[in-house]
Amino acid sequence: MTRSSAPEPSRDNDTADETAAPHDTLPCVLSFNASDPTGAGGVVSDAMVIASIGAHALPVITGAYVRDTREMMGHASLGDDAVAEQAGAVAEDIPLHAIKIGFAGSAEAVAAIAAFVSDYPAVPVVAYMPDLSWWSEDEIDNYLDAFRELLLPQVAVLVGNNTTLRHWLLPESTTDRRARATDLARAAGELGVSYVLVTGIPAVGDQLGNVLASAQGELFSQSYERIDAGFLGAGDILSAALTALIATGSELTEAVAEALQYLDQALDHGFRPGMGRAVADRLFWAESDEADSADDDAPPSFDIPHPFNETKH
């Protein structure tokens, strides 16, 4: 579609919105997550990743981390009513193509999100479970119990580090590093989850494995070389990329492969903005051709899918 260089004047905005062509938009991904002042994770990272993939982010803030690149000092939760009202307002206005659930901030917010998600059963849900070891034991237990009982039955894909998911889903195997992705998938399947994407699995040599699995077996696996740097926000990046790729219409195994490739290149182009851990460059693909040609060892550029928007400016 080509817009006229001389658009018609004095058209009411509401009328123009109602008559917009269905393809004149981007796939929209609603993301529940906390605000991260380092920019490494949370809703800021989700929005950057989702836009990089070719979708539009609808960020719903669940609270705010108090942290720097060195350590987590705490978290300020937003009330569950405020979380529900944010999501409800935008979802009544904008069609949702996928939902990502990051850190909800409290058991009460988990319940509010679960109630919201139940109103959109046809929208695929990807949930990421971060490391919560910085939190108090009671808060962790309440959060995980609410997530297990209320949200997991509605989740299509659960994403998490091998250690985090093993301690949560297979508590009797907390010392067994050999727990397989299929073991985690079966445990998650009993709670209603169709698939798990397990990261950080020790592999041969200096490799870390990533496996997509269902209760029936492994569906996809990919290993990458361990990077000699501690990164913030990798799980948020991977889960946001996966959700956005699903929203753009990618088949699940293809979406996982591309999301892992995106994360690997973002980490490879990472930088250290402060005195602590490194931050991935989620806009690595936007580097100039000159910068790319100057580094012969740089990995091939990520194939960013074209957005569903044929408008020419």
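So, how was this worked out
- Per chain, residue numbering runs from 1 following the sequence as it is written.
- Where local features are concerned, this predicted model is filtered to residues with pLDDT of at least 70; where side-chain atom pairs are given and counted, the filter is 80 or more; whole-chain, interface and lining totals use all residues.
- With hydrogens and water excluded, all non-hydrogen atoms of the structure serve as input to the side-chain values.
- Note on pairing: two strands pair once DSSP finds at least 2 bridges between them.
- A helix here means a DSSP run of H or I that spans at least four residues, while a strand means a run of E at least two residues long, and both kinds are numbered starting from the N terminus.
- Here, axes are lines fitted to C-alpha atoms. For helices the fit covers the stretch in contact, and angles between N-to-C directions go from 0 to 180 degrees.
- Note on contacts: a residue pair qualifies if any of its non-hydrogen atoms lie within 4.5 Å across the two residues.
- pLDDT is defined as a per-residue confidence score from the predictor, taking values between 0 and 100.
- Definition used for salt bridges: Asp or Glu carboxyl oxygen within 4 Å of a side-chain nitrogen of Lys or Arg.
- When accessible area is computed with a 1.4 Å probe and restricted to protein chains, residues below 20% of their type maximum are described as buried, those above 50% as exposed, and intermediate ones as partly exposed.
- Angle categories: roughly parallel below 35 degrees, roughly antiparallel above 145, roughly perpendicular from 65 to 115, and oblique for all the rest.
- Two helices that cross are described as forming a left-handed crossing if the nearer one is turned anticlockwise from the farther one by less than a right angle, and a right-handed crossing if clockwise.
- Under the grouping applied here, Gly and all other residues not named as nonpolar or charged are polar, the nonpolar ones being Ala, Val, Leu, Ile, Met, Phe, Trp, Tyr, Cys and Pro and the charged ones Asp, Glu, Lys and Arg.
- In this scheme, patches are assembled from residues that exceed 30% relative accessible area and form no salt bridge. Like charges are connected within 9 Å, while nonpolar side chains (Val, Leu, Ile, Met, Phe, Trp, Tyr) are connected within 5 Å.
- For the area figures, the Shrake-Rupley method with a 1.4 Å probe applies, and any residue is considered shielded solely by the protein chains shown.
- Counting rule applied: Lys, Arg positive; Asp, Glu negative; His and chain ends not counted.
- Taken as the charge location is NZ of Lys, CZ of Arg, CG of Asp or CD of Glu.

### Here we look at the pairing of strand β3 (residues 72–77)
The two faces of the sheet receive side chains in turn, since in a regular strand these alternate between them.
Part 1 of the argument: Across five bridges, the pairing between strand β2 (residues 56–67) and β3 is antiparallel. If you follow Gly63 over to β3, its bridge partner there is Ser77.
Part 2 of the argument: The hairpin formed by β2 and β3 contains four residues between the paired strands.

### What to know about the sheet that holds strand β8 (residues 207–214)
Part 1 of the argument: Strand order across the open sheet formed by nine strands is β3-β2-β1-β4-β5-β6-β7-β8-β9, with mixed pairing between neighbours. Only two strands of the sheet have a single neighbouring strand rather than two, namely β3 and β9 (217–225). Ignoring strand direction, the axes of neighbouring strands in this sheet form an average angle of 20°.
Part 2 of the argument: Those strands touched by helix α3 (residues 80–93) are β1 (28–35) and β2, and its axis lies near 165° from that of β2.

### What about the confidence of the model for the protein?
Caution applies to low-pLDDT regions: their predicted coordinates should not be interpreted in detail.
Part 1 of the argument: Taken residue by residue, the protein gives an average pLDDT of 87. The fraction at 70 or more is 82%.
Part 2 of the argument: Considering only residues more than four positions removed or in separate chains, one finds that residues 1–21, a stretch of pLDDT under 50, has 11 contacts.
Part 3 of the argument: Counted against residues more than four places away or in other chains, residues 306–313, with its pLDDT under 50, gives 19 contacts.

### Brief notes about the pattern of salt bridges
Part 1 of the argument: A complete count under the given rule lists six salt bridges for this structure.
Part 2 of the argument: Notably, a salt bridge pairs Asp236 with Lys100, separated by 2.8 Å at the nearest N-O pair. Placement of Asp236 in helix α8 (residues 234–247) and of Lys100 in strand β4 (residues 98–101) is noted, with a sequence separation of 136 residues between them.
Part 3 of the argument: Residue class for Lys100 comes out buried when judged on its relative accessible area of 0%.
Part 4 of the argument: Residues participating in the shared-partner salt-bridge network are Asp46, Lys100 and Asp236.

### What about the packing of helix α4 (residues 107–118) against helix α5 (residues 137–151)?
Part 1 of the argument: Where α4 contacts α5, the two axes come as close as 8 Å, and the packing angle between them is 10°. The pairing of α4 with α5 is recorded here as roughly parallel in orientation. Pair α4 / α5 crosses with right-handed handedness. Contacts between α4 and α5 involve Ala107, Val110, Ala111, Ile113 and Ala114 from the former and Asn142, Tyr143, Ala146, Phe147, Leu150 and Leu151 from the latter.
Part 2 of the argument: Grouping the amino acids of the contact of α4 with α5 by side-chain chemistry returns 10 nonpolar, one polar and no charged.

### A short note on a negative patch on the surface
Part 1 of the argument: Together, Glu137, Asp138, Glu139 and Asp141 make up a negatively charged patch on the protein surface.
Part 2 of the argument: Of note, Asp141 is situated in helix α5.
Part 3 of the argument: Note on Asp141: relative accessible area 36%, which makes it partly exposed.

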